[in-house]
Amino acid sequence: MPDIHESENREHWFAVAVVPRKEKLTAQTLRMKGYTDFLPLYSMKRKWSDRIKRVELPLFPGYLFCRFDPKLRLPILKVPSVLSILGMGNIPELIPDNEIEALQTVCKAGVHALPCPYLFAGAKVRINEGPLAGVEGILIEEKETRLILSISLLQRSIAVEVESDWITPTRIYRDFQADPR
């Protein structure tokens, strides 16, 4: 990850944690204060008892991206709906421009993007659908459309294939970590 000290006077992209469901309001507030923000959204249908409506939701709920000089971050932290700026301790960790540009390209292209769990080999997962609903295991490997799980049963392991959309991680990680064990 690039060091924020390598270019002291340059603005960089950072991930800002915000109060859930306040992402759009926070982005608008930061924009009004003169900051460059980026809140990637996706569209989906939501059903209420009396109607169905298309709504735009954040691709990363609880987060938005903002470009600023890390030395001048206090005004951002003073915005009431901002919880923190992601990083190590009190040092914000910048997001490489190419990662933000890739997200912006996806959003501008109009490709249907949806949030999905951050899964990796070794992650603990739970099966939510199908005949194995409720079973927990460890993700061994990801294939094209199926996943292989290791299920501990009687202190032995078995491998099963399940539909990829049947599983979710058993723990949610606040920061994006390669191996959170």
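Position labels on residues start from 1 in each chain and follow its written sequence. Side-chain atom pairs in this predicted model are given and counted only at pLDDT of 80 or more, local residue features only at pLDDT of at least 70, and totals for whole chains, interfaces and linings cover all residues. Calculation of side-chain values draws on the structure's entire complement of heavy atoms; hydrogens and water are dropped beforehand.

Engineer: Could you give me a rundown of the pattern of salt bridges, with the residues and numbers involved?
Structural biologist: Think of a salt bridge as a Lys or Arg side-chain nitrogen and an Asp or Glu carboxyl oxygen that are within 4 Å of each other. Enumeration over the complete set of coordinates arrives at 4 salt bridges. The partner of Asp97 in a salt bridge is Arg10, with the nearest N and O atoms 3.0 Å apart. One end of the pair, Asp97, is in helix H3 (residues 97–109); the other, Arg10, is in the segment before strand S1 (12–18), and 87 residues separate them in sequence. Using a 1.4 Å probe on the protein chains alone, a residue whose accessible area is under 20% of its type maximum counts as buried, one over 50% counts as exposed, and one in between counts as partly exposed. By relative accessible area, Arg10 is classed as partly exposed at 39%. With a closest N to O distance of 3.2 Å, Arg67 and Asp97 form a salt bridge. In this pair, Arg67 is assigned in strand S5 (residues 63–68) and Asp97 in helix H3, connecting sequence segments 30 residues apart. A relative accessible area of 18% means that Arg67 is categorised as buried. Each helix is a run of DSSP H or I of at least 4 residues and each strand a run of E of at least 2, with the numbering of both proceeding from the N terminus.

Engineer: Account for the confidence of the model for the chain, with residues named and values stated.
Structural biologist: Counting all residues, the mean pLDDT for the chain is 78, and 75% of those residues have values of 70 or more. What pLDDT expresses is the predictor's confidence in each residue, scored from 0 to 100. Mean pLDDT across the elements of the chain ranges from a minimum in strand S12 (residues 146–153), with 43, to a maximum in helix H1 (residues 23–32), with 97. In the model, residues 144–158 has pLDDT below 50 throughout and makes 43 contacts with residues more than four positions away in sequence or in other chains. We call two residues contacting when some pair of their heavy atoms lies within 4.5 Å.

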